[in-house]
Amino acid sequence: MDEGQVRRAVAAAAIGNTVEWFDFGVYSYLAVVISQVFFPPTSPTAQLLSAFAAFAVAFLVRPLGGFFFGPLGDRIGRRTVLATTMVTMALGTVAIGLIPSYATIGIWAPVLLLVARLVQGFSTGGEYGGAATFVAEYSPDRRRGFMASWLELGTLTGYSLGAGLVIALTAALPPQDLQSWGWRIPFLLAGPLGIVGLYLRFRLGESPAYQESSAAEDEQAAATWRSLRTIFGDHWPAMLKCIGLVLVFNVTNYMLTAYMPTYLSAVLGFPHTGALALVLVAMVLVMGLIVVLGRFSDRIGRRPIAALGSAALIVLAFPAFLLIGVGSAPAVLAGLLVMGLVLVCFSSTMPSTLPALFPTEVRYGAVSVGFNIAVALFGGTTPLISEALVAATGMRSVPAFLLVVAGAVGLVAVWATREPAGRALPGSKPTATGRHEARERAEEEREAE
């Protein structure tokens with residue numbers, strides 16, 4: 001494959017994650033403001049739980065988006081579906097920025113917020129699985145870990161951009177201006193970002209693996225309506241592994257990126273701007289390691305890195321929360337960095353591991369369905385469950401228990417997963433970029449024969 005084309009494919013896929021997580025960072029960092037804008041002024045805790053409930057409900061429809069867009073991507077192609085999810089996702093984000101407040105339209109404000117979040121959740125259901133599939137199918141076998149890790153770098157880039165913008169607005173605007181109109185600016189910016197992503201995606205053709213599969217079997221298009229039954233009937237062991245891997249990845253992810261900003265300010269009493277800045281600094285400090293570990297995983301394998309992250313969750317979850325509970329800025333940052341370093345173990349390996357669990361004809365659908373079932377049940381609900389546990393028990397470190405359980409599940413899933421590094425994707429021919437790499441790969445195939 002052409003090296004330049006591979007790089008363009010990675011960039012086009014990563015921009016979708018950037019847009020998705022730009023919105024995610026904005027919503028997480030504005031959770032307190034959103035709770036005050038869209039929900040009745042009963043109590044701060046009730047408002048905050050309502051905001052997190054709206055956040056979590058959107059994740060409950062993500063499997064529906066996966067059920068719809070995933071098999072569609074296996075039938076009509078990855079590029080067309082990814083363009084559709086990009087547009088729908090951007091429209092849902094912009095809509096949030098246009099909804100009037102509860103003080104203006106009453107109960108319709110949270111209702112419209114919920115509708116916009118459902119649109120976002122439905123479209124996102126087809127985004128990550130498709131993007132991971134697209135990048136994996138474009139990437140050479142020996143460099144798939146490195147190439148696919150850029151997908152998650154795009155994720156944290158979008159999150160950091162959204163969070164940084166909220167911090168800047170919070171610092172620049174008086175609280176009343178931020179609550180009345182300033183919070184809308186980040187959501188409205190999702191429109192231009194979506195247009196850029198759409199342009200990049202339409203410049204590319206279909207992935208080589210998909211073209212090869214479609215050309216090899218004309219009956220595939222007629223048979224894809226049965227893909228969901230095939231996924232759960234023929235590939236249920238791989239689906240269970242996928243759900244387990246995504247569970248440990250996303251519980252860690254959403255604990256740090258979605259819950260920590262609110263935890264620091266609402267539970268520990270940190271100044272709101274300071275809490276936002278500390279989480280952002282921790283994310284920026286570790287995000288560069290994603291592609292480093294992604295490249296390293298091409299040498300030593302994905303399983304050792306993912307297993308290390310799972311074991312670290314079990315051992316370090318409570319110490320990290322105890323550090324954060326000290327309350328001083330250095331201690332809080334140290335605890336956040338521990339969680340960030342653990343997260344990088346999954347961010348660097350999951351985009352290349354999950355697509356390798358399934359063959360080409362069901363890959364988009366299977367990854368989308370498995371990923372979004374796990375995210376809906378365990379990832380998106382992490383902030384809500386964590387806040388409810390703290391409110392019910394009064395124990396500030398109780399969310400660490402979720403991380404320990406996730407780490408145990410992750411170890412089992414990693415143990416059951418075959419090492420995918422350096423191997424061709426199931427159902428695809430070996431791929432390489434450059435004459436030297438292709439020649440080495442051909443010699444290895446001849447020796448194997």
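Residues numbered from 1 in each chain as written. Predicted model: local features only at pLDDT ≥ 70, side-chain atom pairs only at ≥ 80, totals over all residues. Heavy atoms only, no water.

Visitor: Would you mind showing me how to read the overall build of the chain here?
Guide: For the chain, the helix and strand inventory stands at 25 helices and zero strands. Against the compact-globule benchmark of 22 Å for 449 residues, the chain has a radius of gyration of 21 Å, which places it among compact chains. Over its C-alpha atoms, taken along the principal directions, the chain stretches across nearly 70 × 45 × 40 Å. Across the 449 residues in the chain, those meeting the buried criterion constitute 58%. Contacts in the chain between residues at least 24 apart in sequence constitute 86% of all its contacts with a sequence separation of at least 6. Carbon and sulfur atoms make up 68% of the accessible area of the chain, which amounts to about 16900 Å² in all. Distance between charge centroids for the chain: 3 Å, based on 29 positive and 27 negative side chains. (Helix = DSSP H or I, 4+ residues; strand = E, 2+ residues; numbered from the N terminus. Rg over C-alpha atoms; globule rule 2.2 N^0.38 Å. Buried < 20%, exposed > 50% of the residue type's maximum accessible area, 1.4 Å probe, protein only. Contact = heavy atoms within 4.5 Å. Areas by Shrake-Rupley, 256 points an atom, 1.4 Å probe, with all protein chains shown as cover. Lys, Arg positive; Asp, Glu negative; His and termini not counted. Charge placed at Lys NZ, Arg CZ, Asp CG, Glu CD.)

Visitor: Please clarify how helix H20 (residues 329-347) should be interpreted in this entry.
Guide: Side chains that are three or four residues apart share a direction in an α-helix, a result of its 3.6 residues per turn. With 19 residues, H20 should reach 27 Å at 1.5 Å per residue; the first-to-last C-alpha distance of 26 Å fits that figure. Among the residues of H20, those classed as buried are Ala331, Val332, Gly335, Leu336, Met339, Gly340, Val342, Leu343, Val344, Cys345, Phe346 and Ser347. (Expected span 1.5 Å × (residues − 1).)

Visitor: Is there a simple way to think about the environment of Gly197 in this case?
Guide: You can see Gly197 is positioned in helix H12 (residues 190-202). Apart from residues no more than four positions distant in its own chain, Gly197 is found in contact with Ile15 and Met86.

Visitor: I tried to follow the pattern of salt bridges on my own but got confused; where do I start?
Guide: Two side chains of opposite charge can pair, provided their charged atoms sit close to one another. Counted under the stated rule, the structure contains three salt bridges. The salt bridge involving Glu137 is made with Arg363; its shortest N-O contact spans 2.7 Å. With Glu137 in helix H8 (residues 127-138) and Arg363 in helix H22 (residues 363-379), the pair connects residues that are 226 residues apart, well separated along the chain. Note on accessibility: Glu137 and Arg363 belong to one class, buried. (Salt bridge = Lys/Arg side-chain N within 4 Å of Asp/Glu carboxyl O.)

Visitor: Help me understand the nonpolar core, please; the structure alone is not making it clear to me.
Guide: Across soluble globular proteins, nonpolar side chains have a tendency to be buried as a group. Membership of the largest hydrophobic core comes to 120 residues, with the highest contact counts inside it found for Met260, Leu264 and Leu336. Tallying contributions element by element places helix H16 (residues 236-267) first for this core, with 19 residues. When residues no more than four places from it in sequence are discounted, the contact partners of Met260 are Met255, Val279, Phe321, Ile324, Leu336 and Met339. (Core = buried A, V, L, I, M, F, W, Y, C linked by side-chain atoms within 4.5 Å.)

Visitor: Is there a simple way to think about the environment of Val326 in this case?
Guide: Position of Val326 among the secondary structure elements: in helix H19 (residues 302-326). As for Val326 and Val26, which are separated by 300 residues in sequence, their C-alpha atoms are 27 Å apart.

Visitor: Looking at this structure, how should I read the environment of Leu336?
Guide: With respect to the helices, strands and loops of the structure, Leu336 is situated in helix H20. Residue class for Leu336 comes out buried when judged on its relative accessible area of 0%. Along the sequence, Leu336 and Gly125 sit 211 residues apart, while their C-alpha atoms lie 28 Å from each other. Excluding its chain neighbours within four sequence positions, the residues that come into contact with Leu336 are Leu256, Met260, Leu264, Leu278, Val279, Ala282 and Ile324.

Visitor: Looking at this structure, I do not really get the packing of aromatic side chains. What am I missing?
Guide: Working definition: an aromatic ring pair is given by the centre-to-centre distance plus the angle between the planes. Counted under the stated rule, the structure contains 11 aromatic pairs. Relative to Phe69, the ring of Phe68 has its centre 4.9 Å away and its plane inclined at 80 degrees; by these criteria the two rings are edge-to-face. Assessed through its relative accessible area of 4%, Phe69 is described here as buried. Ring-pair connections join several aromatic residues into one group, and the members of that group are Phe38, Trp183 and Phe187. (Phe/Tyr/Trp six-rings, centres within 6.5 Å; stacked < 30°, edge-to-face > 60°.)

Visitor: Before we go on, may I ask you to explain helix H17 (residues 272-287) in this structure?
Guide: Its 16 residues place the ends of H17 23 Å apart at the C-alpha level, agreeing with the 22 Å of an ideal helix rising 1.5 Å per residue. Residues of H17 that are buried include every one of Ala275, Leu276, Leu278, Val279, Leu280, Ala282, Met283, Val286 and Met287, and no others. Tucked inside the fold, the buried residues of H17 contact helix H1 (3-29), helix H9 (144-172), H16, helix H18 (289-300) and H20.

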